[in-house]
Amino acid sequence: MSDTNKLFLLNFSEFYEEELNYTDILNSTFMVDETTIACKAFSLPLVYNIAVCILYVHIFLLAVPGNITVGLVIISNLRFLSPSDIYLFHLVIADTLMALTLPFSSIDILTGWIFGGAMCKLVNLVREANFYTSILFLVCISVDRYMVIVRAMEARKVQRIMCSWVVCIVVWILGVLLSLPALYNQVHSIDDSGFQICAERFEIDKADEWRLATRVMKHLLGFLIPLCVMLTCYSVTVARLLRTRGFQRQRAMKVIAAVMAVFLLCWTPFNLATMVDTLLRANLVENGCAAQHAVNLAMFITQSLALVHCCVNPVLYGFVGEKFRMRFFHMIKTCSAQKPFERGTPSRSTRSTSQTSEGVSRFL
């Protein structure tokens, strides 16, 4: 066969059999590796999405007025601010900003992201920054209460107030820096239907490394380290309260127990689900589409539970405390132009003269 005729072969069977062993390929059995198949995009039935949106609306309606009320009460008593009040005020700002992102999340769940690329980055930046700052301010409150009750630092109030403002500035700067990976969020379609989502998109060759680094940072600085600090401070504080005499001891211990219980209940499930997702992405545990969908569902549900914390904080740190209730009623009476609020305070004849008891009264 000439070289010209080689270009016009009509039957390639001999070529397949000799060069590619085509017959053996036809007789072979292939096994599909499920781990190499792309999983379908995670989605929930419409009824679940509507239920979560209703939950977000309720959190928004409770968190915004509640936090604003706590903030107004704190501002109305600027002359009597304690370091814990300053931390609480900044916590109120963080929780309010977090709540203001919920309407965007609700619409995103139902219709996809329709607010453009700039708002995609901004909303996620605000959400991530306040995720860190809210937890860090909770840590600051626990440390301050430890300093007052255990270390008897009430006498150095002026210095502590100055330090608390500096700490708040540092926390906000740290929160913004830790949230900068949110700028990698982009709007993109997940299928041919045109449904758009706002999600992080790293460079393909470094996506796994970046995602693993941001996740580890969130696990450590956003949960594990703050949890250890809070547990340590409150444990030592409770141990000190057990050795303190006074009618306010039991009430202070109940507040501490409520703070830790709500924190653990709201944040632990979400962080555990996120940690499992990190292990799956790092291929440290057995991976598969079924496992990924189960973890995605767990993260979706537990994230909603974690957001409840921003509307519970006003109750824990405001309305439970006797001092806050007095300030709240004082503000109401002043605003309603009723008779002036009496300057007298409830009898403290049974209060211990020790510095620890003074710290407990500040705590409440």
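Residues numbered from 1 in each chain as written. Predicted model: local features only at pLDDT ≥ 70, side-chain atom pairs only at ≥ 80, totals over all residues. Heavy atoms only, no water.

## Overview of the overall build of the chain
Where we set the bar: Here a helix means four or more residues in a row that DSSP labels H or I, a strand means two or more in a row labelled E, and each is numbered from the N terminus. Classification of residues uses two cut-offs on accessible area relative to the type maximum, computed with a 1.4 Å probe and protein chains only: under 20% is buried, over 50% is exposed, and between them is partly exposed. Note on definitions: a residue-residue contact is assigned when non-hydrogen atoms from the two residues lie within 4.5 Å. Per-residue and other accessible areas were derived by the Shrake-Rupley procedure at a 1.4 Å probe size, with only the shown protein chains allowed to occlude residues.
Secondary structure summary: the chain contains 13 helices and two strands in total. Counting every position in the chain, which comprises 364 residues, the buried fraction comes to 38%. Taking contacts inside the chain between residues at least 6 apart in sequence as the whole, the part at least 24 apart equals 79%. Total accessible area on the chain is roughly 21,200 Å²; 65% of this is exposed by carbon and sulfur atoms.

## As for the packing of helix H3 (residues 46–75) against helix H5 (residues 102–111)
Counted only if it meets this: Angles here are taken between N-to-C directions and fall from 0 to 180 degrees, while the axes themselves are lines fitted to C-alpha atoms, restricted in helices to the stretch in contact. Reported orientations rely on four angle classes, namely roughly parallel under 35 degrees, roughly antiparallel over 145, roughly perpendicular from 65 to 115, and oblique for the rest. Note on residue categories: nonpolar means Ala, Val, Leu, Ile, Met, Phe, Trp, Tyr, Cys or Pro, charged means Asp, Glu, Lys or Arg, and polar means any other residue, Gly included.
Contact geometry for H3 and H5: axes closest at 9 Å, N-to-C directions at 170 degrees. In terms of orientation, H3 and H5 fall into the roughly antiparallel class. Residue-level contacts link Leu-46, Asn-49, Ile-50, Val-52, Cys-53, Tyr-56, Ile-59 and Phe-60 of H3 to Leu-102, Pro-103, Ser-105, Ser-106, Ile-109 and Leu-110 of H5. Within the contact of H3 with H5, the residues separate by chemical class into 11 nonpolar, three polar and no charged.

## Some words on the nonpolar core
We count it as follows: Buried residues of nine kinds, namely Ala, Val, Leu, Ile, Met, Phe, Trp, Tyr and Cys, make up a nonpolar core once their side-chain atoms join them within 4.5 Å.
By size, the foremost hydrophobic cluster in this structure holds 55 residues, and its most contacted members are Leu-88, Phe-131, Met-230, Tyr-234, Phe-263 and Trp-267. Ranked by residue count, the leading element in this core is helix H6 (residues 116–149), at 10 residues. If near-sequence neighbours (up to four positions away) are discounted, Phe-131 is found in contact with Met-98, Lys-218, Gly-222, Trp-267 and Phe-270.

## Comments concerning the UniProt feature "transmembrane region" (unreviewed entry) in the chain
Put simply, the rule reads: UniProt positions are given in the numbering used here, feature names are shortened, and annotations may be inferred rather than shown by experiment.
Using the residue numbers shown here, the UniProt feature "transmembrane region" (unreviewed entry) corresponds to residues 46–75, 87–111, 131–150, 162–184, 220–243, 255–274 and 294–320. Summarising residues 131–150: 95% helix, 0% strand, and an end-to-end C-alpha distance of 29 Å. The span residues 255–274 is 100% helix and 0% strand, and its two end C-alpha atoms sit 29 Å from each other.

## Re the confidence of the model for the chain
Counted only if it meets this: Confidence of the predictor at the level of single residues is captured by pLDDT, which takes values from 0 to 100.
Confidence along the chain averages 78 in pLDDT terms, with 73% of residues attaining 70 or more. Confidence, read as mean pLDDT per element, is least for helix H13 (residues 355–363) in the chain (47) and greatest for helix H4 (residues 83–100) (91). Long-range and interchain partners of residues 339–363, a stretch whose pLDDT sits below 50, account for 41 contacts in this model, where long-range means more than four residues apart.

## Points about the pattern of salt bridges
For the record, the criterion: Salt bridges are counted wherever a side-chain nitrogen of Lys or Arg sits within 4 Å of a carboxyl oxygen of Asp or Glu.
Taken as a whole and judged by the stated rule, the model has three salt bridges. Between Arg-160 and Asp-144 there is a salt bridge whose closest N-O contact spans 2.7 Å. Linking Arg-160 in helix H7 (residues 157–178) with Asp-144 in helix H6, this pair joins segments that are 16 residues apart in sequence. Per residue, the accessibility class of Arg-160 equals that of Asp-144, and both read buried.

## Points about a nonpolar patch on the surface
Defined as follows: Residues enter patches when they are more than 30% accessible in relative terms and free of salt bridges; like-charged ones are connected within 9 Å and nonpolar ones (Val, Leu, Ile, Met, Phe, Trp, Tyr) within 5 Å.
Among the surface-exposed residues, Ile-169, Ile-173, Val-176, Leu-177, Leu-180 and Leu-183 lie close enough to one another that they form a single nonpolar patch of about 530 Å² accessible area. Secondary-structure assignment places Ile-173 in helix H7. Relative accessible area serves as the criterion here: at 48%, Ile-173 is assigned to the partly exposed category.

## Digging into the state of the cysteines
The condition that has to hold: To count as a disulfide, a pair of cysteine sulfur atoms needs to be within 2.5 Å.
Counting across every chain of the model gives one disulfide. A disulfide bridge connects Cys-120 with Cys-198, and the sulfur atoms are separated by 1.8 Å. Sign of the S-S torsion, about 85 degrees for the bond between Cys-120 and Cys-198, identifies this disulfide as right-handed. Remark: Cys-198 occurs in strand S2 (residues 196–200) and Cys-120 occurs in helix H6; sequence separation between them is 78 residues.

## Examining the packing of aromatic side chains
Applicable threshold: Here is the rule: rings of Phe, Tyr and Trp (six-membered ring for Trp) pair when centre to centre is within 6.5 Å. Planes less than 30 degrees apart are stacked, more than 60 are edge-to-face, and the remainder are tilted.
On inspection of all chains with the given rule, the structure shows seven aromatic pairs. Centre to centre, the rings of Phe-104 and Phe-115 are 5.0 Å apart; their planes meet at 75 degrees, and the pair counts as edge-to-face. Of the two residues, Phe-104 is situated in helix H5 and Phe-115 in the loop between H5 and H6; the sequence distance between them amounts to 11 residues. Consider the rings of Phe-223 and Phe-263, whose centres lie 6.3 Å apart with planes at 10 degrees: the pair is stacked. With Phe-223 in helix H8 (residues 207–242) and Phe-263 in helix H9 (residues 249–281), the pair connects residues that are 40 residues apart, well separated along the chain. For the pair Phe-223 and Phe-263, a shared accessibility class is recorded, and that class is buried. Feature note: the residues Phe-131, Tyr-132, Trp-267 and Phe-270 constitute an aromatic cluster, connected by ring pairs.

## Looking at H4
Threshold: By this rule, a helix spans an expected 1.5 Å times one less than how many residues it contains.
Here H4 spans 26 Å end to end across 18 residues, near enough to the 26 Å set by a 1.5 Å rise per residue. Counting buried residues along H4, 14 of its 18 residues qualify, which places the element largely inside the surrounding structure.

## Digging into the environment of Ser-164
With respect to the helices, strands and loops of the structure, Ser-164 is situated in helix H7. With a relative accessible area of 0%, Ser-164 lands in the buried category. Contacts of Ser-164, omitting those with residues within four sequence positions, involve Pro-83, Ile-86 and Tyr-87.

## Digging into the environment of Ser-106
Considering the arrangement of structural elements, one finds Ser-106 in helix H5. On a C-alpha basis, the gap between Ser-106 and Val-57 in space is 7.8 Å, while along the polypeptide they are 49 residues apart. What Ser-106 contacts, discounting residues up to four positions off in sequence, is Cys-53 and Tyr-56.

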